[in-house]
Amino acid sequence: MPRYRRIVHVIGARPNYMKIAPIYRAIEQHAAATAAGVEQILVHTGQHYSPEMSTQFFDELNMPRPDINLEVGSGSHAVQTARIMEAFEPVLTERQPDLVLVVGDVNSTIACALDAKKLHVDVAHVEAGLRSFDMRMPEEVNRVMTDRISDLLFTTEESGNRNLQAEGIADDKVFFVGNCMIDSLVSHLPKARSRPTLEEQGVTEGNYVLVTLHRPSNVDDPDTLKQLMGTLAEAAQRKPILIPLHPRTRGNLERFGWLDKFLAIPDLKVCEPLGYLDFLRCQTGAAAILTDSGGIQEESTYLGVPCITMRENTERPATISQGTNRLIGNDREQVLTALDEALSPRSAEHPVPPLWDGKAAERIAAVLLSA
Ligand code: UD1
């Protein structure tokens, strides 16, 4: 008999899809191979709701549609977290799962973990132990709180194991399995490479810089955002920029009255948020990536594309010590200098952190379904 028989998976926001998809599939395969009866229930909280931030990912990642959509939408952190908690609790009482599996660090992660724990349902956290040590980041609060109440903690890199140990989490709850997001990348790379995305976006292989920006610390404060606009305008003079614009960033540019000016920056191409395969294609073809995302630091490391992270800290240090990432902050001079270095010739050889091998989800399934 498997350890868990009815598993609820939680999806809330864009970065969750590529982590849940391989786990769902691996559990299905593992259960079929061992003739174990395991029921999986996919719950979408609706934290992200726009088609380009949510629905198209199900098709691209070959995931079944969610069994339940809580449709919570946006709100302040308190409102969003509270709405998810309120809507998710009856799912647990009605469906009676024996495990809730949450991934990453978004508001849906902590909200559903908290509900489950209070109803004595086990919680598994995938991507546990990552720490930026910056409690002003909402994601850091979500990470620390989720790990503290999880029963099974699946880590992606060695720093995660060390952080959990330092926080007094028992070793027998922690499983170093590698990176599920890299599982998705490995299996979708061939399909992504054959997409016509670059032509569609008007850029050419190896001749553009891919930019993503959405962290509140970069885009919510008008002075910071204005300075970043200037930095991007200068960066675009070195190489054309492609920027799929996050709704938070677009919303702020509009609110501050700068959207038209932003769209008019020469050699800066703005597009809507892209689907998974198109975005992957853009990462593979980029000369360099400028970002404040968490996941892109990891994907670029796997792909060997130089990544400049416009943040003061990272919860993913393996991308620096064993990857292509550099932590630069958002100072104009430093970003431009780092970009010049990233654009200079480099060797094709690049290391990849341990267990980022496309098999992390299989390891998770083996733990969850072991007797
Ligand atoms: C959230 C996550 C962040 C993750 C990011 C990826 C938290 C605390 N933050 O941040 O960790 O890296 O998603 O995208 O959970 N909006 C839309 N359409 C949508 C979703 C949002 O228009 O589908 C708008 C909202 O109305 C809001 C803004 O975008 O104005 C921000 O959305 P929100 O979910 O609050 O946070 P993110 O910045 O997306």
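Up top is the structure.
Residues numbered from 1 in each chain as written. Predicted model: local features only at pLDDT ≥ 70, side-chain atom pairs only at ≥ 80, totals over all residues. Heavy atoms only, no water.

Time to look at the layout of surface pockets. Put simply, the largest pocket is a space of about 1,100 Å³. Around the largest pocket sit 49 residues that line it, and Pro15, His48, Met53, His214 and His246 are the ones nearest its centre. Looking at the lining of the largest pocket, the elements that each hand over two or more residues are helix 1 (14-33), helix 3 (77-95), helix 5 (138-149), helix 11 (247-255), helix 13 (276-285) and helix 14 (295-303). It is helix 1 that contributes the most residues to the lining of the largest pocket, five residues altogether. Residues of the lining of the largest pocket, tallied by class, amount to 19 nonpolar, 19 polar and eleven charged. In terms of lining, the second largest pocket is formed by 15 residues, of which the most central are Asp134, Arg136, Met137, Pro216 and Ser217. Sorting the residues of the lining of the second largest pocket by element identifies helix 5 and helix 9 (216-219) as the ones contributing at least two each. It is helix 9 that provides the largest number of residues to the lining of the second largest pocket, a total of three residues. A per-class count over the lining of the second largest pocket returns four nonpolar, five polar and six charged. (1 Å grid on protein atoms, 1.4 Å probe; cavity = no way out; pocket = protein on both sides within 12 Å on 5 of 7 lines; lining within 4 Å. Points joined across faces, edges and corners; volume = space filled by probe spheres on them. Helix = DSSP H or I, 4+ residues; strand = E, 2+ residues; numbered from the N terminus. Nonpolar A, V, L, I, M, F, W, Y, C, P; charged D, E, K, R; others polar.)

As a further point, take the nonpolar core. Among the nonpolar cores identified, the biggest contains 56 residues, and Met63, Leu101, Phe154 and Leu368 are the most heavily contacted of them. Counting residues in each nonpolar core, the second largest holds 29 residues, with Leu225, Ala235, Trp258 and Leu336 among its members. (Core = buried A, V, L, I, M, F, W, Y, C linked by side-chain atoms within 4.5 Å. Buried < 20%, exposed > 50% of the residue type's maximum accessible area, 1.4 Å probe, protein only.)

Attention now moves to empty space enclosed by the protein. All told, the structure shown has one cavity of 30 Å³ or more when counted by the stated rule. Looking at the largest cavity, its volume works out to about 40 Å³. Leu213, Leu225, Leu228, Met229, Leu232, Ile243, Thr249, Leu253 and Phe262 together form the lining of the largest cavity. Broken down by secondary-structure element, the contributors of at least two residues to the lining of the largest cavity are helix 10 (222-238) and helix 11. In terms of residue count, helix 10 provides more of the lining of the largest cavity than any other element does, four residues in total. Grouping the constituent residues of the lining of the largest cavity by class yields eight nonpolar, one polar and no charged.

Now for the site of the ligand. As a matter of local geometry, the ligand sits amid 19 residues, with Gln47, Tyr49, Ser50, Glu139 and Arg248 nearest to it. Contacts to the ligand include Tyr49, whose side-chain N or O atom sits 2.8 Å from an oxygen atom. One of the side-chain nitrogen or oxygen atoms of Arg248 is found 2.7 Å away from an oxygen atom of the ligand. Alone, the ligand offers 740 Å² of accessible surface; in the complex the protein occludes 84% of this. At a threshold of 2 Å from the grid points, most atoms of the ligand map onto the largest pocket. Secondary structure elements with two or more residues in the shell around the ligand: helix 1, helix 3 and helix 11. Considering only residue class, the shell around the ligand consists of five nonpolar, nine polar and five charged. (Near = heavy atom within 4 Å. Polar contact = N/O pair within 3.5 Å; in protein donor to acceptor, adjacent residues only side chain to side chain. Areas by Shrake-Rupley, 256 points an atom, 1.4 Å probe, with all protein chains shown as cover. Sits in = over half its atoms within 2 Å of the grid points.)

Position of Ser184 among the secondary structure elements: in helix 7 (residues 180-193). The contacts of Ser184, once residues within four sequence positions are left out, are Met18, Pro22, Leu61 and Tyr276. (Contact = heavy atoms within 4.5 Å.)

Right, let's talk about the packing of aromatic side chains for a bit. Inspection of the entire model under this criterion finds four aromatic pairs. Ring geometry for Tyr17 against Phe58: centres 5.1 Å apart, planes inclined by 90°, an arrangement best described as edge-to-face. Here Tyr17 is found in helix 1, whereas its partner Phe58 is found in helix 2 (residues 55-60), with 41 residues between them in sequence. For the pair Tyr17 and Phe58, a shared accessibility class is recorded, and that class is buried. One aromatic cluster in this structure is built from Tyr17, Phe57 and Phe58. (Phe/Tyr/Trp six-rings, centres within 6.5 Å; stacked < 30°, edge-to-face > 60°.)

On to a nonpolar patch on the surface. Taken together, the side chains of Met135, Val141 and Met145 present a nonpolar region at the surface, about 260 Å² in accessible area. Tracing the chain through its elements places Met135 in the loop between strand 5 (122-128) and helix 5. (Patch = residues over 30% accessible without salt bridge, like charges linked within 9 Å, V, L, I, M, F, W, Y side chains within 5 Å. Salt bridge = Lys/Arg side-chain N within 4 Å of Asp/Glu carboxyl O.)

Keep in mind these values describe shape, not function.
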